[in-house]
Amino acid sequence: MDTERISETSVLNDEEASLEKSLRPQTLDEYIGQEKIKRNLAVFIQAAKQRQESLDHILLFGPPGLGKTTLAMIVANELGTKLHTITGPAIERTGDLAAVLTVLGPGDVLFIDEIHRIPKSAEEILYSAMEDFCIDILIGKSEETKRSVRVPLPPFTLVGATTKAGMISSPLRDRFGIIGHLEYYKPEELFQIIRRSASILDTVIDDEGAMEIARRSRGTPRVANRLLKRVRDFAQIKGNGLITKAIADQGLLALDIDSEGLDTMDRRILSAIIDQFRGGPVGIETLASTLGEGRDTLEYMVEPFLLQQGFIQRTPRGRIATEKTYQHLGRVISERRAV
């Protein structure tokens with residue numbers, strides 16, 4: 001997959017990482033969008049603080065870039081406790097998870113990103129940690145000396161995040177008391193995020209420029225902030241520093257982001273469905289093989305936005321291109337599709 005694809009998660013250098021962190025809201029009041037989740041979390045956090053209890057465990061799921069990590073940070077900030085972060089793939093052995101759990105302080109928040117990717121053995125350790133605030137650890141080097149030791153843990157809050165909720169086992173999912181589904185943002189919400197980020201970046205942007213970026217940001221705050229930073233460069237070099245609609249359009253087109261927010265990969269997928277499979281239906285495995293991409297990349301990183309925007313439909317026989325796709329790409333619906 002194109003490593004420069006604007007909607008993909010990429011490894012940031014120290015300066016970029018610091019900039020990303022500065023754009024993150026720190027409280028629920030600063031957080032824009034996901035209103036239902038925000039309202040509920042505000043109640044749950046306030047109630048837990050009044051009872052002087054740890055907040056119940058939280059599972060957040062939805063497409064990448066919608067603010068799951070930011071919400072975990074905010075939960076810790078609102079509780080006034082420390083945030084500990086680890087990713088599912090980083091937990092290779094049960095000891096890796098035990099090492100993190102045993103350093104938690106009372107009321108701390110443990111954030112596990114990509115929680116669907118933790119090994120089964122580590123998942124089983126989480127069961128007792130989440131329910132009983134303890135873990136059983138085997139000590140001893142030989143079979144004769146090995147024994148299980150129960151290690152108590154302080155009450156803590158686990159925040160799990162995933163883009164693949166269906167891959168989380170039922171026993172693990174059932175141990176989360178709070179479950180939130182993050183949805184794509186509306187352009188009006190992204191407009192507010194862009195205006196806020198522009199202020200933090202000391203960038204001048206007018207309303208039309210902000211809305212143009214918002215419309216073409218795939219409903220995703222992470223993408224909106226990345227596009228804002230790149231368009232800011234065009235405003236600085238090609239204009240007078242002010243981001244207008246014209247400058248935003250110039251910069252986004254240079255980045256291969258079209259008027260509907262589709263990038264090169266999106267258009268490759270849609271063109272393949274039309275040109276190589278006469279509009280579909282085509283199975284996801286066949287489509288991934290044709291494009292030389294991984295199934296997970298298409299199914300979880302690209303397809304949700306195309307479905308949400310009405311460019312493709314999922315049927316029992318596979319994916320099909322919609323009339324909107326033909327119109328957007330300037331294609332004529334074939335006789336086969338028209339029947």
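Residues numbered from 1 in each chain as written. Predicted model: local features only at pLDDT ≥ 70, side-chain atom pairs only at ≥ 80, totals over all residues. Heavy atoms only, no water.

Below, the discussion takes up the overall build of the protein chain. Regarding its fold elements, the protein chain presents 15 helices and 11 strands. On the principal axes, the C-alpha backbone points of the protein chain span a range of 70 × 50 × 35 Å. For the protein chain, with 339 residues in total, the buried portion stands at 47%. About 16,900 Å² of surface is accessible on the protein chain, with carbon and sulfur atoms providing 48% of the total. Across the protein chain, 44 positive and 49 negative side-chain charges occur, with their mean positions spaced 2 Å apart. (Helix = DSSP H or I, 4+ residues; strand = E, 2+ residues; numbered from the N terminus. Buried < 20%, exposed > 50% of the residue type's maximum accessible area, 1.4 Å probe, protein only. Areas by Shrake-Rupley, 256 points an atom, 1.4 Å probe, with all protein chains shown as cover. Lys, Arg positive; Asp, Glu negative; His and termini not counted. Charge placed at Lys NZ, Arg CZ, Asp CG, Glu CD.)

Under the counting rule described, the total for this entry stands at two cavities of 30 Å³ or more. Considered as a void within the structure, the second largest cavity measures approximately 50 Å³ in volume. Lining the second largest cavity we find Ile-269, Ile-284, Leu-287, Leu-298, Val-302, Glu-303, Leu-306 and Ile-312. Taken together, the elements giving at least two residues each to the lining of the second largest cavity come down to helix H12 (284-291) and helix H13 (295-308). Among the elements that make up the lining of the second largest cavity, the one with the highest residue count is H13 (four residues). (1 Å grid on protein atoms, 1.4 Å probe; cavity = no way out; pocket = protein on both sides within 12 Å on 5 of 7 lines; lining within 4 Å. Points joined across faces, edges and corners; volume = space filled by probe spheres on them.)

The next point concerns the side chain of Arg-216. One can find Arg-216 in the loop between helix H8 (207-215) and helix H9 (221-238). Overall, Arg-216 belongs to the buried group, its relative accessible area being 1%. Within polar-contact distance, the side chain of Arg-216 engages the backbone oxygen of Ile-257 at 2.8 Å. Of the polar contacts made by the side chain of Arg-216, one reaches the backbone oxygen of Asp-258; its length is 3.0 Å. When sequence neighbours within four positions are dropped, the list of residues in contact with Arg-216 reads Leu-227, Asp-249, Leu-252, Leu-253, Ile-257, Asp-258, Ser-259 and Gly-261. (Polar contact = N/O pair within 3.5 Å; in protein donor to acceptor, adjacent residues only side chain to side chain. Contact = heavy atoms within 4.5 Å.)

Right, let's talk about unusual backbone geometry for a bit. Note the cis peptide between Gly-280 and Pro-281, where omega equals 10 degrees. Looking at the element boundaries, Pro-281 is found in the loop between helix H11 (264-275) and H12.

Here we take up the environment of Arg-117. Here Arg-117 shows up in the loop between strand S3 (109-113) and helix H5 (120-132). When the C-alpha positions of Arg-117 and Tyr-300 are compared, they lie 14 Å apart, and in sequence the two are 183 residues distant. In this structure Arg-117 touches Gly-88 and Pro-89, once residues within four positions along its chain are discounted.

Let us look at the domain arrangement of the protein chain. Domain parsing of the protein chain yields domain 1 (14-181), domain 2 (187-255) and domain 3 (264-329). Here the C-alpha centroids of domain 1 and domain 3 sit 34 Å apart. Each side of the interface is counted separately: domain 1 has four residues, and domain 3 has four residues. Summed over both partners, the interface of domain 1 with domain 3 comes to about 340 Å²; 70% of that surface belongs to carbon and sulfur atoms. Counting every contact that joins domain 1 to domain 3 gives one salt bridge. (Domains from an automatic or database assignment. Buried area = accessible area lost by both parts, 1.4 Å probe. Salt bridge = Lys/Arg side-chain N within 4 Å of Asp/Glu carboxyl O.)

If you walk across this open sheet you meet the five strands as S2-S3-S6-S1-S7, and the pairing is parallel. Strands with a single pairing partner mark the edges of an open sheet, and in this sheet they are strand S2 (83-87) and strand S7 (178-181). Pairs of neighbouring strands in the sheet enclose a mean axial angle of 15 degrees, with direction left out of account. In the sheet, S2 pairs with S3 via five bridges, with the strands oriented parallel. In the strand pairing of S3, Thr-87 is matched with Asp-113. The sheet strands contacting helix H3 (residues 68-79) are strand S1 (58-61), S2, S3 and strand S6 (157-162), and the helix crosses S3 at an angle near 175 degrees. (Pairing = 2+ DSSP bridges. Axes fitted to C-alpha atoms, helices over the stretch in contact; angles between N-to-C directions.)

The sites that carry the UniProt feature "binding site: Mg(2+)" (unreviewed entry) are, in the present numbering, Thr-69. The contact partners of Thr-69, leaving out residues within four places of it in the chain, are Arg-24, Phe-111 and Asp-113. (UniProt positions renumbered as here; feature names shortened; annotations may be inferred.)

Extensive coverage of S6 is indicated by the burial of six of its six residues. The two faces of S6 match: Thr-157, Val-159 and Ala-161 on one face and Leu-158, Gly-160 and Thr-162 on the other face are all buried. Bridge analysis of S3 against S6 gives five bridges, and the strand direction is parallel. Each bridged residue has a counterpart across the sheet, and for Val-109 the counterpart in S6 is Thr-157.

One finds Leu-41, Ile-213, Ile-269, Leu-287 and Leu-306 to be the most contacted residues of the largest nonpolar core, which totals 69 residues. If we ignore the near neighbours within four places in the chain, the residues touching Leu-287 are Ile-269, Ala-272, Ile-273, Phe-277, Val-282 and Leu-298. Listed in part, the 25 residues of the second largest apolar core include Val-100, Leu-104, Ile-115 and Ile-135. (Core = buried A, V, L, I, M, F, W, Y, C linked by side-chain atoms within 4.5 Å.)

Within this structure, the stated rule accounts for two aromatic pairs. Geometrically, the ring pair formed by Phe-133 and Phe-156 is edge-to-face, given 5.6 Å between the ring centres and 75 degrees between the ring planes. Placement of Phe-133 in the loop between H5 and strand S4 (134-139) and of Phe-156 in the loop between strand S5 (147-152) and S6 is noted, with a sequence separation of 23 residues between them. Between Tyr-184 and Phe-305, the ring centres sit 6.1 Å apart and the planes meet at 70 degrees, which makes this aromatic pair edge-to-face. Here Tyr-184, found in the loop between S7 and helix H7 (187-200), pairs with Phe-305, found in helix H13; they are 121 residues apart in sequence, far enough to count as distant. In this structure Phe-305 comes out as buried when scored by relative accessible area, which is 4%. Here the basic side chain of Arg-175 rests over the ring of Tyr-127, its NZ or CZ set 4.1 Å away from the ring centre. One cation-aromatic arrangement involves Lys-324 over Phe-311; the distance from NZ or CZ to the ring centre is 4.6 Å. (Phe/Tyr/Trp six-rings, centres within 6.5 Å; stacked < 30°, edge-to-face > 60°. Lys NZ or Arg CZ within 6 Å of the ring centre and 35° of its normal.)

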